[in-house]
Amino acid sequence: MASLGRRRGVPVSRERGVMAATECYIVHEIYNGENVQDQFEYELEQALEAQYKYIVIEPTRIGDETARWVSVGNCLHKTAVLSGAACLLTPLSLPVEYSRYVALPAGALSVACAALYGISWQFDPCCKYQVEYDSQKLSRLPLHTLTSSTPVVLVRRDDVHRKRLHNTIALAALAYCAKKIYELYAV
């Protein structure tokens, strides 16, 4: 495996603490042979499934793709939450005859985003990670061993509360929309 460029992060002593080797994995950008992009992707998949706390992605292309994938998931989550909140709060702020024109599309958007997130991202190991931008946290990682000047750093975060939040809001928006549609067509 070492011939494929696979290396584990090494313990690093800093004044703020010691990082264990099992906390950080580095996908090194080492070109040795054919299909190196596939090797990088395989390495990343293995690191995601091994649930390292930090994953440093040195190859630019796969790092950018992973960062985009994470940001699309974040966008779906935020859209589901905000549009669901708009659906539920609109009836409180607008007159009854106008609120359905905002609340129903917002509720449909919330349900669609939550459903798409659930289908596409829920079982992907990458959904447990966020891109780390905090320079103070990045300073504790062994980034001095990299050849790339712009690696993508993923940090594992618990997303149970995040999923509960957008699923609860989306379900409440769905219930509200179903009730309003029933009232519109029942009368």
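See above for the structure.
### Details of empty space enclosed by the protein
- Taken as a whole and judged by the stated rule, the model has one cavity of 30 Å³ or more.
- Sorting the residues of the lining of the largest cavity by element identifies helix H2 (60-93) and strand S6 (129-131) as the ones contributing at least two each.
- Sorting elements by how many residues they give to the lining of the largest cavity places H2 first, with four residues.

### A closer look at unusual backbone geometry
- Unusually for a residue other than glycine, Gln51 sits at a positive phi of about 60 degrees.
- Within the element layout of this structure, Gln51 appears in the loop between helix H1 (36-49) and strand S5 (54-57).

### Things to note about the nonpolar core
- The biggest cluster of nonpolar side chains holds 18 residues, and the ones touching the most others in it are Leu44, Leu48, Ile55, Ile57, Val131, Val152 and Leu154.
- The greatest single-element share of this core, amounting to five residues, is contributed by H1.
- With sequence-adjacent residues up to four places away left out, Leu48 is seen in contact with Ile55, Pro125, Cys126, Tyr129 and Leu154.
- Core analysis: the second largest hydrophobic core is formed by nine residues, Cys24, Ile26, Tyr54 and Val153 among them.

### Considering the packing of helix H3 (residues 96-120) against helix H5 (residues 160-186)
- Where H3 contacts H5, the two axes come as close as 8 Å, and the packing angle between them is 140 degrees. When the axes of H3 and H5 are compared, the pair comes out oblique. When you trace H3 past H5, the crossing you get is left-handed. The residues of H5 that touch H3, namely those facing Ser99, Arg100, Ala103, Leu104, Gly107, Ala108, Ser110, Val111, Ala114 and Tyr117, are Arg162, Lys163, His166, Asn167, Ala170, Ala173, Leu174, Tyr176, Cys177, Lys180, Ile181 and Leu184.

### Description of a nonpolar patch on the surface
- Together, Leu94, Tyr98, Tyr101 and Val102 line one region of the surface with nonpolar side chains, adding up to about 420 Å² of accessible area.
- Note on placement: Leu94 falls in the loop between H2 and H3.

Conventions used here
Residues numbered from 1 in each chain as written. Predicted model: local features only at pLDDT ≥ 70, side-chain atom pairs only at ≥ 80, totals over all residues. Heavy atoms only, no water. 1 Å grid on protein atoms, 1.4 Å probe; cavity = no way out; pocket = protein on both sides within 12 Å on 5 of 7 lines; lining within 4 Å. Points joined across faces, edges and corners; volume = space filled by probe spheres on them. Helix = DSSP H or I, 4+ residues; strand = E, 2+ residues; numbered from the N terminus. Core = buried A, V, L, I, M, F, W, Y, C linked by side-chain atoms within 4.5 Å. Buried < 20%, exposed > 50% of the residue type's maximum accessible area, 1.4 Å probe, protein only. Contact = heavy atoms within 4.5 Å. Axes fitted to C-alpha atoms, helices over the stretch in contact; angles between N-to-C directions. Parallel < 35°, antiparallel > 145°, perpendicular 65-115°, else oblique. Left-handed = near helix turned anticlockwise from the far one by under 90°. Patch = residues over 30% accessible without salt bridge, like charges linked within 9 Å, V, L, I, M, F, W, Y side chains within 5 Å. Areas by Shrake-Rupley, 256 points an atom, 1.4 Å probe, with all protein chains shown as cover. Salt bridge = Lys/Arg side-chain N within 4 Å of Asp/Glu carboxyl O.

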